[in-house]
Amino acid sequence: MRNAFADEMTQLVDADPRLVLLSGDIGNRLFDRYKEKAPDRFYNCGVAEANMMGVAAGLGMNGFRPVVYTITPFTTTRCFEQIRVDVCYHESPVIIVGTGAGLSYAQLGPTHHSLEDIAILRTLPGMAVLCPCDPLEVRACLRSALKREGPTYIRLGKKGEPELHSTIPTLEIGKAITMRPGDDVCLVGTGNVVSVALEAAEDLKNHGIAVRIENFHSVKPLDESRLSELVEKYKVIGIIEEHSKIGGLYSAISEWQSDRMDGGTRLLSFSLADEFIHRVGTQQQARERAKLTAADISCALREAL
C-alpha cells in the first residue's frame, strides 16, 4: 500500500502544482522519485508531528493541497489536538495518511499499533475517514480525497497486501463497493482485512453458504442507502475491521441502526477487544490471537446462521 501511495503522489505532483507532501521523518527513499520531480514541495518535518500538522493546516488555508504522511499512531493520536483545532476547526483541506495502520506493525509492540484511529478521527466535524482495501484502492482514495474541500484521513496498511481489484476502481466517498454477491449472509469489511472477508466467503461456499462481501472503504461518511438495502435483505451481517470494537466501523453501523430503531438484523463484530496487545509477533499471529482470521469468521457466521 505504501508503495502505491508514493507512486500515485509522484504521478499526481505534475498535474497539480498545489500538491505538497510532508513527512514525519519516514519514507525518505520511498519518495525519491517524488523529490526528483518536486524538490521544493517535499518537507521532512522530522519527529515533530504536532508541528507538521500545524504547518499542513497553514498550507491548506493558503491554497495548497498538503498531504501528511507517517506511521499511523504518530500522525493521529500524537497530534490529535492539532488535527482537531488547526485542521478541522479551520476546515483546512489536509489529507492525513497513516501508514502501518491496525496491526501492520504488530512486531514493534503497542506503541506502533493503531486500533483507535478510526474512532477518534471520525468524531471530528468535517473529517472524512477512508480505509482502502488494497494498493489499487489507495490510488482511488487519494484521487477522491483531492477533490474534497475539507480534511480527509486515509488509513493504509504497510506492504504485501494482495490486489483485490483488477484495475483502479471508480470510487466515490460515501459509497460502498460490492466485492462479491451472495444471498445467505453479508460480510461488511473496511481496510486491508477485506481480503480476510473474501477468504472467509470461499470457506463458507464450501459449506453451501453464499456470502455477499461489501467493501466500506468510506467509514465516514457511511453509505446509508447501501446499509438500508443490507438490513432489509440479511438477518445476519458480520462487520470485520482491524481496529478496536469500540468506535470503528461496527460502532458507526450500530449507531446508524439504532437511529433507525430497527433491531431485526443481528450485527456481529470481528474486531479487536478493548485491551492492549502485550505479546509481540507478526500481524498474522496477532490476527490469530484476536480470532480475526478467515477460519474464525467462517465458524462464527455458521453458528450465527
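Right, let's walk through the structure included here. None of these values were measured; they are calculated from a predicted model.

Rules of the game
Residues numbered from 1 in each chain as written. Predicted model: local features only at pLDDT ≥ 70, side-chain atom pairs only at ≥ 80, totals over all residues. Heavy atoms only, no water. Helix = DSSP H or I, 4+ residues; strand = E, 2+ residues; numbered from the N terminus. Rg over C-alpha atoms; globule rule 2.2 N^0.38 Å. Buried < 20%, exposed > 50% of the residue type's maximum accessible area, 1.4 Å probe, protein only. Contact = heavy atoms within 4.5 Å. Areas by Shrake-Rupley, 256 points an atom, 1.4 Å probe, with all protein chains shown as cover. Lys, Arg positive; Asp, Glu negative; His and termini not counted. Charge placed at Lys NZ, Arg CZ, Asp CG, Glu CD. Salt bridge = Lys/Arg side-chain N within 4 Å of Asp/Glu carboxyl O. Core = buried A, V, L, I, M, F, W, Y, C linked by side-chain atoms within 4.5 Å. Pairing = 2+ DSSP bridges. Axes fitted to C-alpha atoms, helices over the stretch in contact; angles between N-to-C directions. 1 Å grid on protein atoms, 1.4 Å probe; cavity = no way out; pocket = protein on both sides within 12 Å on 5 of 7 lines; lining within 4 Å. Points joined across faces, edges and corners; volume = space filled by probe spheres on them. Nonpolar A, V, L, I, M, F, W, Y, C, P; charged D, E, K, R; others polar.

Some remarks on the overall build of the protein
When helices and strands are tallied, the protein shows 12 helices and 12 strands. At 19 Å, the protein has a C-alpha radius of gyration in line with the 19 Å of a compact globule built from 305 residues. Residue burial in the protein is summarised as follows: out of 305 residues, 60% are buried. If you take every contact in the protein between residues at least 6 apart in sequence, the share linking residues at least 24 apart comes to 77%. When the accessible area of the protein is evaluated, it comes to approximately 12,900 Å², of which 49% is carbon and sulfur surface. In the protein, the 34 positive side-chain charges and the 40 negative ones have mean positions that sit 2 Å from each other.

Some words on the environment of L268
Here L268 lies in strand β12 (residues 266-272). For L268 and Y250, which are 18 residues apart along the polypeptide, the C-alpha to C-alpha distance reads 8.2 Å. Apart from the residues within four sequence positions on either side, L268 is in contact with V236, I237, G238, I239, Y250, A300, L301 and A304.

Side note on the environment of V87
If you trace the backbone, V87 turns up in helix α5 (residues 80-88). For V87, a relative accessible area of 0% gives the class buried. Excluding anything up to four places from it in sequence, V87 contacts M53, A57, Q82, S92, V94 and P151.

Thoughts on the pattern of salt bridges
Taken as a whole, this structure holds 19 salt bridges when the rule is applied. The salt bridge involving E229 is made with R226; its shortest N-O contact spans 3.8 Å. One end of the pair is E229 and the other is R226, both in helix α9 (residues 224-233) and three residues apart, which spans about a single turn. Connected through salt bridges with shared partners, the residues D7, E8, R33, R139 and R143 form a single ionic network.

Focus on the nonpolar core
Judged by nonpolar contacts, the single largest core of 40 residues is most densely connected at I83, M127, V188 and I237. Counting only elements with at least two residues in this core, the list comes to β1 (19-23), α3 (49-60), α5, α6 (117-121), β8 (185-189), α9, β11 (236-244) and α10 (249-260). Excluding residues that lie within four positions of it along the chain, I83 makes contacts with M53, T75, T76, C88, I96, L121, L124 and M127. Residues A6, F31, L146 and L156 belong to the second largest nonpolar core, which totals 31 residues.

Here's the deal with the sheet that holds strand β9 (residues 211-215)
In spatial order, the strands read β7-β9-β8-β11-β12; together these five strands make up an open sheet with mixed pairing. Among the strands making up the open sheet, the edge pair consists of β7 (177-180) and β12. If you compare each strand with its neighbour and ignore which way they point, the axes differ by 25° on average. As judged from the three bridges shared by β7 and β9, these two strands associate in the antiparallel manner. Bridge pairing in β9 places I177 opposite N215.

So, unusual backbone geometry
Here the amide bond leading from K220 into P221 is cis, since omega sits at 0°, within 30 degrees of zero. Its identity is not glycine, yet D25 carries a phi of approximately 60°, on the positive side. Of note, the phi angle at K291 is positive, near 55°, even though the residue is not glycine. Take K291: it is sitting in the loop between α11 (283-289) and α12 (294-304). Owing to a relative accessible area of 56%, K291 belongs among the exposed residues under this scheme.

Observations concerning the layout of surface pockets
Empty space within the largest pocket amounts to approximately 310 Å³. Around the largest pocket, the lining comprises 18 residues; the ones closest to its centre are S195, V196, Q283, Q284 and R287. Among the secondary structure elements, those contributing two or more residues to the lining of the largest pocket are α8 (194-205) and α11. Residues belonging to the lining of the largest pocket are distributed by class as follows: six nonpolar, seven polar and five charged. Reported here for the second largest pocket is a volume of approximately 260 Å³.

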